[in-house]
Amino acid sequence: MNMKIGVIKGDGIGPEIVDEAMKVLDRIAEVYGHSISYTQLLMGGASIDVNGVPLTDETLEQAKASDAVLMGSIGGDAKTSPWYRLEPSKRPEAGLLSLRKGLNLFANLRPAVLYRELKASCPLKEEIADRGFDMMIMRELTGGLYFGRRSTEVIDGVSVAKDELVYSETEIRRIAKRGFDIAMKRRKKVTSVDKANVLDSSRLWRKVVEEVAKEYPDVTLEHMLVDNCAMQLVKDPAQFDVILTENMFGDILSDEASMVTGSIGMLASASLNETKFGLYEPSGGSAPDIAGQGIANPIATILSAAMMLRYSFDLDREAQAIEDAVGNVLGDGYRTTDIMSEGMKQVGTKEMGDRICSYIK
Ligand code: NAD
């Protein structure tokens, strides 16, 4: 297969961690007989420095012309970086929002996996951590409360604020289909999370998800109220495969799920639209505090590249090879500083990338 991948190295640790992910992709291409062409794209602070704006129209078009985009992280230290003296619409993060919008990325995927080898960093009780977990949170990204009309007014001398939570059947159906498609590639279970005992938008959500479920007879669907889900994530996370939910619930639950895995340097993510296209990036930021030191953990970006192979190119075997290689390197005791623990062997960004490559044979 020939893969056309747009690459946004970004700011801070971005270039360091993306280089390692490209190294791993190149290794996959070599071992499995694929070819990859990369187009380097500027976004965020790096684009401000060259173009004066965080995202140009040309870059957006180049991203659209790619099969998928691999991204590091963007942004700098808000207290010291000159990028944050610009007006908000010209800052690095504005570029990311415009990119997501321009590419119509309505589905956000965040895996939360507890690696056996990193059990010690899991804040849950030992007997829960011992069972491990491997879930995928699929969050709707462009609708709901964050995009509804809002207002604050004074009524009879009292301030009143309103935020509208709107979901259409179409918005729910397209994310639900995505969720079931992902479940078909995993353990075939979807937990749809809502607040249907109170909210109309959740009742519509539940109805449409049930309709979509009929098209996927192999997938088991269960419904869970969001308050219960927040509890179950810390009580019995092993029960979850795909969690499918709307924007605000997903925002909160995905952060909760990522915290119980232990380290931000391990957390991959993807944002998808209705086609096979996706934007793949680590969940963490550009970590300006450690940029340029060669110590950043590249694993989240490498696992994001594995997600890209699985979801944009349907290369499940190759994606699994990367995930297995990560497991093996951790099993051998290699750790970057952020996941270091007693008795383990500390390595830098590049060595971590090299060791992961060495397991792809
Ligand atoms: P951050 O995620 O960059 O850093 C938080 C802490 O985690 C830091 O101590 C950092 O050293 C550590 N960390 C993060 N990734 C790591 C890795 N791969 N390996 C080892 N340690 C890692 O969050 P922040 O400091 O709040 O934000 C820094 C900048 O990143 C800001 O400009 C912010 O806007 C931006 N940001 C960008 C994205 C994105 O590009 N999608 C996401 C979040 C934050």
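Preceding block: the structure.
A brief structural summary. Position numbers for residues count from 1 along each chain, tracking the sequence in the order it is written. With pLDDT at 70 or above as the cut-off, local features in this predicted model cover only qualifying residues; side-chain atom pairs require 80 or more to be listed or tallied, and sums for whole chains, interfaces and linings still use all residues. To get the side-chain values, take all heavy atoms of the structure and skip hydrogens and water.

**Details of the site of the ligand**
Which entries qualify depends on this criterion: Throughout, the term near means that a residue has one or more heavy atoms lying within 4 Å of the molecule or strand in question. The term polar contact refers here to a pair of N or O atoms within 3.5 Å; inside protein, the definition further demands a hydrogen-donor-capable atom paired with an acceptor-capable atom, and it admits residues adjacent in sequence only when both atoms are side-chain atoms. The accessible surface values rely on the Shrake-Rupley method and a 1.4 Å probe; as for residues, cover is taken only from the protein chains in view. Nonpolar residues are Ala, Val, Leu, Ile, Met, Phe, Trp, Tyr, Cys and Pro. Charged residues are Asp, Glu, Lys and Arg, and all others, Gly as well, are polar.
In the vicinity of the ligand, 21 residues are found, and the nearest of them are Gly76, Glu93, Gly285, Ala287 and Asn297. Separating an oxygen atom of the ligand from a backbone N or O atom of Gly76 is a distance of 2.7 Å. Between the ligand and the protein, one listed contact pairs an oxygen atom with a backbone N or O atom of Ala287 at 2.8 Å. In isolation the ligand has 810 Å² of accessible area, and contact with the protein removes 67% of it. Grouping the constituent residues of the shell around the ligand by class yields nine nonpolar, eight polar and four charged.

**Concerning the pairing of strand β12 (residues 278–282)**
Note the cut-off: Exposed residues in this analysis have more than 50% of their type's maximum accessible area, buried residues have under 20%, and partly exposed residues fall in between, with area computed by a 1.4 Å probe over protein chains only. Only runs of H or I of at least four residues qualify as helices and only runs of E of at least two qualify as strands under DSSP, and these elements are numbered from the N terminus. DSSP calls a pair of strands paired once it identifies at least 2 bridges connecting them.
Burial analysis of β12 places five of its five residues in the buried class, the great majority of the element. The alternating pattern of β12 places Gly278, Tyr280 and Pro282 and Leu279 and Glu281 on opposite faces, both of which are buried. Bridge count between strand β3 (residues 68–73) and β12: two bridges; the pairing is parallel. Each residue of the ladder has a partner; that of Leu70, found in β12, is Tyr280. Bridge count between strand β11 (residues 268–272) and β12: five bridges; the pairing is antiparallel. From the neighbouring strand, Leu272 faces β12, where its bridge partner is Gly278. What sits between the antiparallel neighbours β11 and β12 is a turn of five residues.

**A few points about helix α8 (residues 226–235)**
Formally: Throughout, the arc means the angular range of directions from the helix axis out to the C-beta atoms. Contacts are assigned to residue pairs that have any heavy atoms within 4.5 Å of one another.
Three or more residues of α8 are buried, namely Val226, Cys229, Gln232 and Leu233. Along the long axis of α8, the arc covered by the buried residues comes to 110°, so they all point the same way. When the buried face of α8 is taken as reference, the exposed residues oriented beyond 90 degrees from it are Met231 and Lys235. Taken together, the buried residues of α8 touch β5 (134–140), β8 (189–194), β9 (220–225), β10 (242–245) and α9 (247–259).

**Concerning unusual backbone geometry**
Of note in the backbone geometry, Asn104 takes a positive phi value of approximately 55° without being a glycine. Here Asn104 is to be found in the loop between α4 (92–102) and β4 (107–113). Look at Ala287: it is not a glycine, yet its phi comes out positive at around 40°. The class of Ala287 is partly exposed, set by a relative accessible area of 22%.

**Some details on the environment of Ala107**
For Ala107, the position within the fold is in strand β4. Note: C-alpha distance between Ala107 and Glu140 (33 residues apart in sequence) is 5.1 Å.

**A word on the side chain of Asp241**
Mapped onto the fold, Asp241 is located in the loop between α8 and β10. A polar side-chain atom of Asp241 sits 2.7 Å from a polar atom in the side chain of Arg186. Among the polar contacts listed, one links the side chain of Asp241 to the backbone nitrogen of Arg187, at a separation of 2.9 Å. When sequence neighbours within four positions are dropped, the list of residues in contact with Asp241 reads Asp134, Met135, Met136, Ala183, Arg186, Arg187, Lys188 and Lys189.

**Things to note about the sheet that holds β9**
Put simply, the rule reads: Under this scheme, a helix contributes an axis fitted over its contacting stretch, all axes are lines through C-alpha atoms, and angles between N-to-C directions fall in the 0 to 180 degree range.
Across the sheet, ten strands lie side by side as β2-β1-β3-β12-β11-β4-β5-β10-β8-β9; this open sheet has mixed pairing. Each having just a single partner strand, β2 (35–41) and β9 make up the two edges of the open sheet. Strand after strand, the sheet turns through a mean of 25° between neighbouring axes, direction not considered. Across the sheet, α9 lies against β4, β5, β8 and β10, angled at about 155° from β5, the strand it touches most.

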